[in-house]
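Observations on the model geometry
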Amino acid sequence: MSRQFLAYLLVTIIIALLPFMGAYPIFVMKVMCYALFACAFNLLLGYTGLLSFGHAAFLGTAAYATGHALAVWGIPTLPGLLFGTGVAALLGLIIGALAIRRSGIYFAMITLAMAQMVFFYFLQAPFTHGEDGLQGIPRGEIFGLNLSNDLNLYYVVLAIFIIGFAICWRTINSPFGQVLKAIRENEPRAISLGYNVDNFKLLVFVLSAALAGLAGATKALVFVSATLSDATWQMSGMVILMTLIGGMGTFTGPVLGAFIVVLLENKVGEFGRFLSQATGLQWFQVLGESVTIVIGLIFIICVMAFRRGIVGELVHRYKAKKA
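A quick note: this is a predicted structure, and the numbers were derived from the prediction, not measured.

1. What about the overall build of the protein?
A count of helical and extended segments in the protein gives 14 helices and four strands. Taken against the 2.2 N^0.38 rule, which gives 20 Å for 323 residues, the C-alpha radius of gyration of the protein at 20 Å falls within 12% of a compact globule. Taken along the three principal axes of its C-alpha coordinates, the protein extends 60 × 50 × 40 Å. Burial status across the protein gives 48% buried among its 323 residues. Taking as baseline every contact in the protein between residues at least 6 positions apart, the subset at least 24 positions apart corresponds to 75%.

2. Quick word on the packing of aromatic side chains
Under the defined criterion, the tally for this structure stands at 14 aromatic pairs. Taken together, a centroid distance of 5.8 Å and an interplanar angle of 85 degrees make the contact between Phe-58 and Phe-205 edge-to-face. Taken together, the residues Phe-58 in helix H3 (residues 56-73) and Phe-205 in helix H9 (residues 197-223) connect sequence positions 147 residues apart. Neither Phe-58 nor Phe-205 differs from the other in exposure class; each is buried. Ring centres of Phe-119 and Phe-120 lie 5.3 Å apart, and the angle between their planes is 70 degrees; this geometry places the pair in the edge-to-face category. Exposure remark for Phe-119: the relative accessible area of 14% places this residue in the buried category. Site record: aromatic cluster; members linked through ring pairs are Tyr-64, Tyr-121, Phe-122 and Phe-127.

Conventions and cut-offs
- Residues numbered from 1 in each chain as written.
- Predicted model: local features only at pLDDT ≥ 70, side-chain atom pairs only at ≥ 80, totals over all residues.
- Heavy atoms only, no water.
- Helix = DSSP H or I, 4+ residues; strand = E, 2+ residues; numbered from the N terminus.
- Rg over C-alpha atoms; globule rule 2.2 N^0.38 Å.
- Buried < 20%, exposed > 50% of the residue type's maximum accessible area, 1.4 Å probe, protein only.
- Contact = heavy atoms within 4.5 Å.
- Phe/Tyr/Trp six-rings, centres within 6.5 Å; stacked < 30°, edge-to-face > 60°.

Structure (structure tokens):
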């Protein structure tokens, strides 16, 4: 049994015990949803070298699809989650088939343009309820577990995250994953070796879209709502930020990046108010209310101090020291 597996097992046990250690289950579930989203995106950027500026389209599409299936059609929870994931994968197939025809900035711009089209469709479509969002999504049951209980839902979300993380790990540690790395490092050489690069790009794009959709469907279940914020370009930028802060091309980097960003979103305001009261300086409160500014400052610090991301830099220094 490898040290890496033991480390993952230990972290999983700790996460499973967090609700009994005073952690707020909804907060941890939000982190897990975004962590899965970041891991899905990392398959593209970190391991294939494809920068997508429109990944929020898959998160939002799955959230709306799952929410509509559960709230309007009344189908059971598990099929609803699978339906939302499948719709996101189908959308990934459509967008990916168009985007992989180009590379570099042109690939990024195509994904952004397509995602904006999806966003404006959701803005005007009657079933999404526009800016009000789709509210009151029933959680239902899975395998007899009543998901109205936050603790039951917590362990279902944990199981979904583990499955998604395991899929990412297995994908990378496979011949398919080695080809993806070869495409990232030197695409012309991969082509010269006889690989159909476009097929590999499309497959990983669809897989990434499906996992991002699974994260979106799960998030809709956690917050019993699906809103336009899940499909905005800002959300696409946020997942890029999570991946870069944690360390693209690493397994745990996106998870750490998601935790940092979600923690800042939820706690920076409280910290700013505390500093303002302690020092009497009003600008601390103003800074605390400007979450995007604080996240931007954190990003600048990470870029300057950790060029490979936090986890990436730690791994690099460990290998250099070991060598």
